[in-house]
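Understanding the architecture of this molecule
The residues making up each chain are set out below.
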Amino acid sequence: MKKTIVTMLMATLAMGMTAQTENPRGIYKMTTLTGKAGEVKAPFEQYKICTDSVTLMVNEQGNRFSIQDTDHQVFNYTGEQPMSEGDKSSLIYDSNAKQFKLKWWSTYPYHIHFPHNDWCIEKYESGKYSETSKVFFDALTGAAEIDASNPLTGTWRFIGFMDELRGIKKELAKLHKQYPTSRYFNTFMIFTTQNLTTIFSRGGGVDKIELDGKKAYMSAGKTYQIKWLSKNCIAIEDRVDYRTDWMILERVTDDSTPLTHITTQYLANRK
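The text that follows walks through the structure, step by step, so that each part is easy to find. What you see is a predicted model; the values in this text were computed from it and never measured. Residue numbers run consecutively from 1 along every chain, following the written order of its sequence. Only residues with pLDDT of at least 70 are given local features in this predicted model, and only at 80 or more are side-chain atom pairs given and counted; all residues enter the totals for whole chains, interfaces and linings. Side-chain descriptors were evaluated using all non-hydrogen atoms of the structure, hydrogens and water having been removed beforehand.

**A short note on the overall build of the chain**
Of regular secondary structure, the chain possesses four helices and 17 strands. Expressed along its principal axes, the backbone C-alpha trace of the chain runs to roughly 80 × 55 × 35 Å. Exposed residues in this analysis have more than 50% of their type's maximum accessible area, buried residues have under 20%, and partly exposed residues fall in between, with area computed by a 1.4 Å probe over protein chains only. Put simply, the chain has 271 residues, and 41% of those count as buried. Only heavy atoms enter the contact rule, under which two residues are in contact if any of them lie within 4.5 Å. Counted over contacts in the chain with a minimum sequence separation of 6, partners at least 24 positions apart contribute 52%. The helix and strand labels rest on DSSP assignments: H or I over at least four residues marks a helix, E over at least two residues marks a strand, and numbering proceeds from the N terminus.

**Considerations on the environment of Cys50**
Tracing the backbone shows Cys50 in strand β3 (residues 46-50). A relative accessible area of 4% places Cys50 in the buried class. As for Cys50 and Gln73, which are separated by 23 residues in sequence, their C-alpha atoms are 9.8 Å apart. Leave out the neighbours within four places in its chain, and Cys50 touches Pro24, Arg25, Gly26, Tyr28, Thr55, Phe75 and Phe100.

**Considerations on the side chain of Asp87**
In this structure, Asp87 sits in the loop between β5 (64-68) and β6 (91-93). In this tally, Lys and Arg are treated as positive and Asp and Glu as negative; His is ignored, and so are the chain termini. For this analysis, a salt bridge means a side-chain nitrogen from Lys or Arg found within 4 Å of a carboxyl oxygen belonging to Asp or Glu. Although Asp87 lies buried, it forms no salt bridge, and the closest oppositely charged side chain, Lys88, sits 8.1 Å away as judged by the N-O distance. Among the polar contacts listed, one links the side chain of Asp87 to the backbone nitrogen of Met83, at a separation of 3.1 Å. A polar contact of 2.7 Å, which involves the side chain of Asp87, links it to the side chain of Ser89. By the criterion applied in these results, polar contacts are pairs of N or O atoms within 3.5 Å in which, for protein atoms, one can donate a hydrogen and the other can accept it, and in which residues neighboring in sequence qualify only through two side-chain atoms.

**Some remarks on the nonpolar core**
Side-chain atoms within 4.5 Å are what join buried Ala, Val, Leu, Ile, Met, Phe, Trp, Tyr and Cys residues into a set we call a nonpolar core. Judged by nonpolar contacts, the single largest core of 21 residues is most densely connected at Ile49, Leu56, Val58, Phe136, Phe137 and Leu140. Here the element with the most residues in this core is helix α2 (residues 131-140); it accounts for four residues. For Val58, the contacting residues outside a window of four places in its chain are Glu45, Gln46, Tyr47, Ile49, Phe65, Ser66, Ile67, Phe136 and Phe137.

**Structural notes on the pairing of β3**
On a regular strand, each side chain points to the face opposite its neighbour's, so the side chains alternate between the two faces of the sheet. When you tally the buried positions in β3, you get five out of five residues, the bulk of the element. In β3, alternate side chains face the same way, and those of Gln46, Lys48 and Cys50 on one face and Tyr47 and Ile49 on the other are all buried. Strand pairing is assigned whenever DSSP identifies at least 2 bridges connecting the two strands. Of the strand pairs in this sheet, β3 and strand β4 (residues 55-61) are connected by five bridges, and their pairing is antiparallel. Opposite Tyr47, over in β4, you have Val58 as the bridge partner.

**Looking at the packing of aromatic side chains**
The geometry of an aromatic ring pair is captured by two quantities: the separation of the ring centres and the angle between the planes. Each pair of aromatic rings taken from Phe, Tyr and Trp, with Trp reduced to its six-membered ring, is defined by centres within 6.5 Å and is described as stacked if the planes are under 30 degrees apart, edge-to-face if over 60, and tilted in the remaining cases. Per the counting criterion, the structure on display carries 20 aromatic pairs. Ring plane angle 80° and centroid distance 4.9 Å describe the contact between Trp104 and Phe114, whose orientation is recorded as edge-to-face. Of the two residues, Trp104 sits in strand β7 (residues 99-107) while Phe114 sits in the loop between β7 and β8 (116-126), which places them ten residues apart along the sequence. For the pair Trp104 and Phe114, one class covers both residues: buried. Judged by centre distance (5.6 Å) and plane angle (75°), the ring pair of Phe136 and Phe137 falls under edge-to-face. Given a relative accessible area of 0%, Phe136 falls into the buried group. Overall, the relative accessible area of 1% leaves Phe137 in the buried class. Following the ring pairs from residue to residue traces out a cluster consisting of Tyr47, Phe65, Tyr129, Phe136 and Phe137. Only Lys NZ and Arg CZ are tested; either one counts as a charge over a ring when it is within 6 Å of the ring centre and within 35 degrees of the ring normal. Here the guanidinium or amino end of Lys88 rests over the ring plane of Trp105, the centre of that ring lying 3.9 Å away. Geometry around Trp228 places Lys214 over its ring, the cationic atom sitting 5.8 Å from the centre.

**Regarding the environment of Lys231**
With respect to the element layout, Lys231 can be found in the loop between β15 (222-230) and β16 (233-240). For the pair Lys231 and Ser126, spaced 105 residues apart in sequence, the C-alpha separation works out to 37 Å. When sequence neighbours within four positions are dropped, the list of residues in contact with Lys231 reads Trp156 and Arg251.

**Looking at the pattern of salt bridges**
One pass over the structure, following the stated rule, counts eleven salt bridges. Among the ionic pairs, Glu237 bridges to Arg239, the shortest N-O distance being 3.2 Å. Take Arg239: its relative accessible area is 52%, and that puts it in the exposed class.

**Details of unusual backbone geometry**
Its identity is not glycine, yet Asp94 carries a phi of approximately 45°, on the positive side. By secondary structure assignment, the location of Asp94 is in the loop between β6 and β7. We classify Asp94 as partly exposed; its relative accessible area is 26%. With a phi angle near 50°, Ala220 is a residue other than glycine that sits in the positive phi range.

Following this line, the structure appears as structure tokens:
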């Protein structure tokens, strides 16, 4: 009986040790930072999106977000110790689906938190979000709540501006042709019943909205009229001083998420 218990305990410990050496995959929030002042609660809102092809860093400031390819590497388990004394490569350890630690060599001379010429350790945990970042990441990964009773809710691709809606078919053809090289490439607007999330390749924002059926919505006290050009194409009125422009959006109907498009673009930029 004792032998069985010991065997089970060893197996459990072995499973726990193995689980801590997995490659982190998913969205993780920094929860602690070990630097100049020792281990402290994360002093800023920072996240890592870990995929098989790229690792992206997301910073949150209020309801605005920045997305950066800061690490230039895929986060795979390395172990806690460097290969040699002179090896300053970043390290990933204590890693699984729930958490990981990032150990990196800091050369910041005067940073308030990061040491100078020493290791800095950031701990990340999954499933932890601020209220606003949860909305942002749900929209980014395609998990945003939609309302079947209102056709405006869902994910839309922002393809450009038009100054008027006459000759819409001809103008749409021009927008489609210009889209891959335009500043609006891979820009998305995700509507839920309570929020509008705007996402582009390097950031985005979350704004509270009030829907008025399918013909208008209000954000920050400003009402935006909507004209339906087809079932999956809308024009949103954007008044600037005395001029009225129209933002043209097309519904995303495939299974690709904004995150898929953004990671693809970052990978393409590396070539």
